[in-house]
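# Descriptive structure summary
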Amino acid sequence: MINPIPATPLLVGALVMPLLPRALRPWLFVLAPVLAFALLTQLEPGATLTWRFLSYDLVLSRVDRLSLAFSYVFTLVALLGAIYGFHLRDLGQQVAALLYAGAAVGVVFAGDLLTLYVFWEIMAVASAWLIFTAHTAQSGQAGIRYLFFHLLGGGVLLAGIIWQVHESGSLAFNRLDSAGPGWLILFGFAVNAAIPPLHPWLADAYPEAPVTGSVFLSAFTTKAAVYALARGFPGSDLLIVAGTLMALYGVVFAILENDIRRILSYHIVSQVGYMVAGIGIGTEAALNGATAHAFAHILYKGLLFMAAGAVVHATGRRKLTELGDLIGSLPWVLVFYMFGALSISGFPLLSGFVSKWLVVHAAELDHHDWVAVLLGVASVGTFLSVGLKLPYFTWFGPRRAIRTDSIPLGMYSAMALASAINLAIGLRPDLFYRGLFFVADYRPYTSLHLMETAELFAFTGLAFWFFSRQMTPKAALTLDVDWFYRKAAPWLRRNVVIAVNDFFAAMDALTLAGARQLCRLGANPLSLFDFAGDGHRRFKRGPTDAKIRPYDPNRYRRPVGVALLIVLGFFVLLLGLGLLLSPR
């Protein structure tokens, strides 16, 4: 059974891209995901590709239903992102995006921890590169902070892998024990999954990326981590608590936010919480829900970032306090945005309805009633911020003097395709469930569920209507856990970086001054005995002559007799000491 590495078309596309003429690069940008998707259709569950490395068998590609589910949606969103960015002529963005997508696909097919780690780090570097391609001061700073978090997580992950190999003698990536090295590996996965308090890199960096780059960023890093958690730590009680808190945490900060892309970034944290909680529950229904929700989330979150990016592209603005009254100039962007907004909120007939509520249903089946209730509360907050607050103040807010630029056809085409896919999943959930890790036995369209969902949306809409004034965004930056390093940064820079730099500068100046004195002493050692002090100074020829003569060492050399007298004096001194100290 032939099993090539499924990431190959994307990785090769990234390497070939710089060699092509500028006009052909957008076509390769689209072609690489198409070839990757076509390759996936030829793979059969159970196929593996191994490579002997030292004394270990590396599994470069392991095909099963879980890896196929994630890889299909990864290549699909890469294709949508390429169509969305077809107008781009930025080589850096194109190469980084394909490399990033290829590394994410490599992660989900990795059958051993070393292969996983290699693709994991490629993914980190490529995603940081994608942030840097915005070429702004803010993106540069955010990219550095992003790299710091991911290098930290990658370092801890590598330490856990080394420890795991030392204890077990195997690199196999299957279900792992949470104890010992498993804690370090879990920490590495948790960083990429944006589990609080390890999450501030996400809302910090994603809004600073270019608009096309943010579509790719919204899809891969956190969902590759969800895959890794599902593969390595299903049934972990810690993940139930962490996921539930994530769902609520992200919603709260999203409601407080003013920046439209930061709002969507915080909802990545919230929605990934549903997946993490489902993995923690660990039943077949819960793992189905986590996988289904990851699949749907990648599509509707990509659509949301596409619509928000279209607003930024057209207006050059991204804050609710600077936007408003765009319904006349960007009506179709609102239509496509609402497909994503209603999907993420769990509205019937759309993808979120058949995926999000599957996680809640699984929690109820496993008697985690408190988890089901809290996830339902988080869903209310999602609709309130993404489905009502953001579109209302962006498209129906106060009239402002905003000039809008035209939006490329590729952006509209990608948003239309993503909307159609989200609608198709919602209309035919039976076809959607067939591609999951386990066979799903869940019927979302029951009269009771539809009635409960309608009540939830209706009461949330009424609450927004009555409290819309209180929901008015404020022109302020909401600090999260990043408060600690943002507030501490000036003090650390002043007392650690600058202070240490000044200390070494002072030591350098002192060393140079000492070296100069030694050079002068080497040129004229007898200047030590120049008690008048004229041998080291420049001097004036007369009391009225201000011209300074350069130092001439030969001018102040002492006669040879002086040296002989000094040597003779030392000899006499030593002789005297010898006579005094000699035994009688």
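Conventions we followed
Residues numbered from 1 in each chain as written. Predicted model: local features only at pLDDT ≥ 70, side-chain atom pairs only at ≥ 80, totals over all residues. Heavy atoms only, no water. Helix = DSSP H or I, 4+ residues; strand = E, 2+ residues; numbered from the N terminus. Rg over C-alpha atoms; globule rule 2.2 N^0.38 Å. Buried < 20%, exposed > 50% of the residue type's maximum accessible area, 1.4 Å probe, protein only. Areas by Shrake-Rupley, 256 points an atom, 1.4 Å probe, with all protein chains shown as cover. Pairing = 2+ DSSP bridges. Phe/Tyr/Trp six-rings, centres within 6.5 Å; stacked < 30°, edge-to-face > 60°. Salt bridge = Lys/Arg side-chain N within 4 Å of Asp/Glu carboxyl O. Polar contact = N/O pair within 3.5 Å; in protein donor to acceptor, adjacent residues only side chain to side chain. Contact = heavy atoms within 4.5 Å. Axes fitted to C-alpha atoms, helices over the stretch in contact; angles between N-to-C directions. Parallel < 35°, antiparallel > 145°, perpendicular 65-115°, else oblique. Left-handed = near helix turned anticlockwise from the far one by under 90°. Nonpolar A, V, L, I, M, F, W, Y, C, P; charged D, E, K, R; others polar. 1 Å grid on protein atoms, 1.4 Å probe; cavity = no way out; pocket = protein on both sides within 12 Å on 5 of 7 lines; lining within 4 Å. Points joined across faces, edges and corners; volume = space filled by probe spheres on them. Core = buried A, V, L, I, M, F, W, Y, C linked by side-chain atoms within 4.5 Å. Expected span 1.5 Å × (residues − 1).

Looking only at helices and strands, the protein features 21 helices and four strands. Taken over the C-alpha trace, the protein has a radius of gyration of 33 Å; the compact-globule value for 584 residues is 25 Å, which it surpasses by more than 25%. Dimensions of the protein, computed from the C-alpha atoms along their principal axes, are close to 115 × 65 × 55 Å. Every one of the 584 residues in the protein was classed for burial, and the buried ones make up 51%. Surface summary for the protein: the accessible area is close to 26700 Å², and the carbon and sulfur share equals 69%.

By the bridge criterion, six bridges tie strand β1 (residues 48–53) to strand β2 (residues 56–62) in an arrangement that is antiparallel. From the neighbouring strand, Thr50 faces β2, where its bridge partner is Val59. Counting the residues in the hairpin turn of β1 and β2 gives two residues, including Leu54, whose phi is positive at 55 degrees.

Evaluation of the coordinates by the stated rule reveals 28 aromatic pairs. Aromatic side chains Phe29 and Phe216 sit 6.0 Å apart centroid to centroid with 25 degrees between the ring planes, which places their arrangement in the stacked category. Here Phe216 lies in helix α9 (residues 211–217) and Phe29 lies in helix α2 (residues 25–41), a separation of 187 residues in the sequence. Like Phe29, the residue Phe216 is buried in the burial classification. Summarising the aromatic geometry, the rings of Phe70 and Phe74 are spaced 6.3 Å apart at their centres and angled 70 degrees between planes, so their arrangement reads as edge-to-face. One end of the pair is Phe70 and the other is Phe74, both in helix α3 (residues 65–84) and four residues apart, which spans about a single turn. Of the two residues, Phe70 and Phe74, both sit in the buried class.

Per the stated rule, a full pass over the model turns up nine salt bridges. When the shortest N-O distance is used, the salt bridge between Asp64 and Arg231 registers 2.8 Å. Of the two residues, Asp64 sits in the loop between β2 and α3 while Arg231 sits in helix α10 (residues 221–232), which places them 167 residues apart along the sequence. With relative accessibility at 16%, the residue Asp64 sits in the buried group. In this structure, Arg399 and Asp325 form a salt bridge, with 3.1 Å as the shortest nitrogen-oxygen distance. One end of the pair, Arg399, is in the loop between α16 (369–395) and α17 (409–427); the other, Asp325, is in the loop between α13 (284–315) and α14 (331–345), and 74 residues separate them in sequence. Given the relative accessible area of 72%, Arg399 is considered exposed. Relative accessible area serves as the criterion here: at 26%, Asp325 is assigned to the partly exposed category. A single salt-bridge network, built from bridges that share partners, covers Glu208, Asp259 and Arg318.

A separate point is the side chain of Gln94. Here Gln94 is to be found in helix α4 (residues 91–109). Look at Gln94 and you get buried, because its relative accessible area is 1%. Within polar-contact distance, the side chain of Gln94 engages the backbone oxygen of Leu88 at 3.3 Å. What Gln94 contacts, discounting residues up to four positions off in sequence, is Met17, Arg25, Pro26, Phe29 and Leu88.

To continue, consider the environment of Thr8. Note on placement: Thr8 falls in helix α1 (residues 8–16). Judged by relative accessible area, Thr8 falls into the partly exposed class, the value being 35%. Here the alpha-carbon distance between Thr8 and Glu284, two residues 276 residues apart in the chain, equals 31 Å.

Time to look at the packing of α13 against α17. Direction vectors running N to C along α13 and α17 enclose 150 degrees, while the axes themselves pass 10 Å from each other. By the angle between their axes, α13 is roughly antiparallel relative to α17. At the point where α13 passes α17, the crossing takes the left-handed sense. On α17, the residues that touch Phe295, Ala296, Leu299, Tyr300, Leu303, Met306, Ala307, Ala310 and His313 of α13 are Met411, Ala414, Met415, Ala418, Ser419, Ile421, Asn422 and Ile425. Looking at the contact of α13 with α17, its residues break down into 14 nonpolar, three polar and no charged.

Moving on, we come to empty space enclosed by the protein. Applying the stated criterion across every chain, the model contains one cavity of 30 Å³ or more. One number sums up the size of the largest cavity: a volume of about 40 Å³. If you go around the largest cavity, the residues you meet are His199, Pro200, Ala203, Asp204, Arg262, Tyr266, Asp480 and Asp482. Taken together, the elements giving at least two residues each to the lining of the largest cavity come down to α8 (200–205) and α12 (260–281). Residue contributions to the lining of the largest cavity peak at three residues, all from α8. Looking at the lining of the largest cavity residue by residue, the classes come out as three nonpolar, one polar and four charged.

Let us look at the nonpolar core. Soluble, globular proteins show a tendency: their nonpolar side chains are buried together. Phe74, Phe189 and Phe220 are the most contacted members of the largest nonpolar core, which totals 171 residues. Element by element, the count of residues in this core is highest for α13, at 20 residues. Residues within four places of Phe189 in sequence aside, it is in contact with Leu116, Trp120, Leu157, Phe173, Ala225, Ala228, Leu229 and Phe233.

This brings us to the packing of α14 against helix α15 (residues 351–365). It is the contact of α14 with α15, at a shortest axis distance of 7 Å, that shows an interaxial angle of 20 degrees. In terms of orientation, α14 and α15 fall into the roughly parallel class. Our pair here, α14 against α15, has a crossing hand that is right-handed. In this structure, α14 uses Ser343, Ile344 and Ser345 to contact α15, whose residues at the interface are Ser351, Gly352, Phe353 and Lys356.

What sets the pattern is the α-helix's 3.6 residues per turn: residues three or four places apart point alike. Its 17 residues give α2 an end-to-end C-alpha distance of 25 Å, which sits within 8% of 24 Å, the value for a rise of 1.5 Å per residue. Those residues of α2 not exposed but buried are Arg25, Pro26, Leu28, Phe29, Val30, Ala32, Pro33, Ala36, Leu39 and Leu40. On its buried face, α2 is in contact with α1, α3, α4 and α9.

Purely geometric stuff here, so don't read any function into it on its own.
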